[in-house]
Structures are given as C-alpha cells and as structure tokens.
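What follows is the residue order along each chain.
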Amino acid sequence: MANKKLKLKRLNGQRAAQLKRMIKTSDNRLKEADRNASKKKKSGETERQVMEKPQTSSAMFFQYNTQLGPPYHILVDTNFINFSIKNKLDIVKTMMDCLYAKCIPYVTDCVVGELEKLGQKYKLALRIVKDSRFERIKCLHRGTYADDCLVQRVMQHKCYIVATNDKDLKRRIRKIPGVPIMNVAMNRYVIERMPDAFEPMAKK
C-alpha cells in the first residue's frame, strides 16, 4: 500500500512539473492567434461544422418515383422545341406516341424569354409554345437562363419529365434521382431512365 501511495505521489509531482513547463497564455512569446486558440481550448469551445443536406423527396420512397404517372407533366426546353421543328414533329402528338398516355407539356417563362431573345428565326417556335395545349409556369427568379430554372424545379417537384437535347442539362439532370429525360432522336422522341413501373414500352 505504501509503495502505491509513493508511486501516486511521484506521478502527481511529475504532472505538476510538466504543467509548470507549459507556456502560459500571458507569455510574450505567444502570438495573438495562438493565445485565442488556447483560450478556446480551455473554455471547452469547439467549432461545429454546419452541413447542409438536401431533403429527399417523399416520392422517392420506393425504387421508382411514385409521382410519375399518366397524365405525364413534361418540362420542355428551348432546344427540344427547335429540334422538334427541324424533324417536323408535332410535340404533343409525338409525346403521346412515345409514352402511350396523355402528356401535358409545360413551358417556363425562361424558355419563352430565351425564344424571344433569339429573334425572328424562332418565330415558329414561339407560336408553338403559346399554343393552348402548352401549360405556362411562372418564374420568380431573375434572368432567363432556363437550365438552372429547370434543374431547380425538378429538384423541388419530382413530378416532371424533362424534355431536352442539351448535353450539359442532361448531365445535370442525370445526377437527380427519379427524373426521366425525353429527347429527339432518329425522327422520334426517346425516353431515358423511365422506371419499369410506368414504362409503356421496351426500348426499340
């Protein structure tokens, strides 16, 4: 027992000696930044990192997007309309032929703004977009850059299919789970990443 007490006394003495050897915060050799850091450590303050994670949609509870289903809501991009005109395709009719169900094409203010900026050359595209079969979505943001607008909309509401031929936009949308992409290929519309639960036909 006596040996144990002696050992403990020695250990406590060594610890006290080590503490005395440490530089005090009031020491002139310390820089201001080091003083503040040591004060924080003493008071037990630790910096907490705030992490922001986007909330996952309840529509993605299963393997497929439960909000997708007929009638399909399709967000149309500027170049999709132009490609459709070049290939002489009726947008609404060809969409229905592709999905075998009722389709409602949606056009945002950005897309209309982009077409208006392009001028006389795209007069026909503007006339098509202003057709009564197309639903208009109001944009609350500034500017007329449609890609960011479509990506934000699709992230908030997972009930849309995005119709585009833009490679960059496709790449961005592929990163968002549960959002199919429609594009113009070989004089018809092709659907990409459509879940098996709603897929109307096997890919040809």
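Residues numbered from 1 in each chain as written. Predicted model: local features only at pLDDT ≥ 70, side-chain atom pairs only at ≥ 80, totals over all residues. Heavy atoms only, no water.

### Remarks on the overall build of the protein
Here comes step 1: Each helix and strand counted, the protein has 8 helices and 6 strands in total.
Here comes step 2: Going from the N terminus to the C terminus, the protein shows its helices and strands as α-α-β-α-α-β-α-α-β-α-β-α-β-β.
Here comes step 3: Looking at the protein as a whole, 35% of its 204 residues are labelled buried. (Helix = DSSP H or I, 4+ residues; strand = E, 2+ residues; numbered from the N terminus. Buried < 20%, exposed > 50% of the residue type's maximum accessible area, 1.4 Å probe, protein only.)

### Remarks on the packing of aromatic side chains
Here comes step 1: Tallied over the entire structure, the rule returns 2 aromatic pairs.
Here comes step 2: Ring geometry for F80 versus Y189: centroids 4.8 Å apart, planes at 45°, classification tilted. Separated by 109 residues along the polypeptide, F80 in helix 3 (residues 78-86) and Y189 in strand 6 (residues 188-192) bring together distant segments of the chain.
Here comes step 3: A centroid spacing of 5.7 Å and a plane angle of 75° characterise the contact between Y106 and Y160, whose relative ring orientation is edge-to-face. Pair noted here: Y106 is in strand 2 (residues 103-108) and Y160 is in strand 4 (residues 160-163), with a separation of 54 residues, a long-range link.
Here comes step 4: Classification of Y160 by relative accessible area gives buried; the value is 11%.
Here comes step 5: Above the ring of F83, the side-chain terminus of K86 is found at 5.5 Å from the ring centroid. (Phe/Tyr/Trp six-rings, centres within 6.5 Å; stacked < 30°, edge-to-face > 60°. Lys NZ or Arg CZ within 6 Å of the ring centre and 35° of its normal.)

### Some words on the packing of helix 7 (residues 146-156) against helix 8 (residues 167-174)
Here comes step 1: Two elements in contact, helix 7 and helix 8, have axes separated by 11 Å at closest approach and are oriented at 20°. On the basis of the axis angle, helix 7 is roughly parallel to helix 8. For the element pair helix 7 and helix 8, the recorded crossing hand is right-handed. Two secondary-structure elements touch here, helix 7 through D147, D148, L150 and V151 and helix 8 through L169, R172 and I173. (Axes fitted to C-alpha atoms, helices over the stretch in contact; angles between N-to-C directions. Parallel < 35°, antiparallel > 145°, perpendicular 65-115°, else oblique. Left-handed = near helix turned anticlockwise from the far one by under 90°. Contact = heavy atoms within 4.5 Å.)

### Focus: the nonpolar core
The nonpolar side chains of a soluble globular protein tend to be buried with one another.
Here comes step 1: In this structure, I74, F80, M95, L99, I161, M182 and Y189 are the most contacted members of the largest nonpolar core, which totals 33 residues.
Here comes step 2: Excluding anything up to four places from it in sequence, I74 contacts M95, L99, C103, I104, P105, Y106, I161, A163 and M182.
Here comes step 3: Judged by nonpolar contacts, the second largest core, of 14 residues, contains L75, I137, V151 and I176. (Core = buried A, V, L, I, M, F, W, Y, C linked by side-chain atoms within 4.5 Å.)

### Section: helix 8
Side chains of residues three or four places apart in an α-helix project in the same direction, reflecting 3.6 residues per turn.
Here comes step 1: Of the positions making up helix 8, those classed as buried are L169, K170 and I173. For helix 8, the angular spread of the buried residues around the axis is 100°, confining them to a single face.
Here comes step 2: Elements in contact with the buried residues of helix 8: helix 7, strand 4 and strand 5 (181-185).
Here comes step 3: Sitting at the head of helix 8, D166 places a side-chain oxygen 3.0 Å from the backbone nitrogen of D168. (Arc of directions from axis to C-beta. Polar contact = N/O pair within 3.5 Å; in protein donor to acceptor, adjacent residues only side chain to side chain.)

### Description of the pairing of strand 4
Here comes step 1: Of the two faces of strand 4, the one holding Y160 and V162 and the one holding I161 and A163 are both buried throughout.
Here comes step 2: When strand 1 (residues 72-76) meets strand 4, the two strands line up parallel, connected through 4 bridges. By the bridge assignment, V76 is partnered in strand 4 with A163.
Here comes step 3: Pairing geometry for strand 4 and strand 5, over 2 bridges, is parallel. Looking at strand 5, one finds that V162 is bridged to I181.
Here comes step 4: Crossover connection from strand 4 via helix 8 to parallel strand 5: handedness right-handed. (Pairing = 2+ DSSP bridges. Right-handed = clockwise from strand over helix to strand, strands pointing away.)

### Thoughts on the sheet that holds strand 1
Here comes step 1: An order of 3-2-1-4-5-6 is seen for the 6 strands of this open sheet, with the pairing classed as mixed. Each having just a single partner strand, strand 3 (135-137) and strand 6 make up the two edges of the open sheet. Averaged over all neighbouring strand pairs, the angle between strand axes comes to 35°, with direction disregarded.
Here comes step 2: Helix-sheet contacts for helix 3 involve strand 1, strand 4, strand 5 and strand 6, and the interaxial angle to strand 5 is about 30°.
Here comes step 3: Strand contacts of helix 4 (residues 91-99): strand 1, strand 2, strand 4, strand 5 and strand 6, with the helix running at about 50° to strand 6, the strand carrying the most contacts.

### Some thoughts on unusual backbone geometry
Here comes step 1: Following P70, the chain continues into P71 via a peptide bond in cis, with omega recorded as -5°.
Here comes step 2: Inspection of the secondary structure puts P71 in the loop between helix 2 (32-43) and strand 1.
Here comes step 3: In this structure, K88 is a non-glycine residue whose phi angle is positive, near 55°.
Here comes step 4: Positionally, K88 belongs in the loop between helix 3 and helix 4.
Here comes step 5: With a relative accessible area of 77%, K88 lands in the exposed category.

Take it as geometry only, folks, not as evidence of what the structure does.
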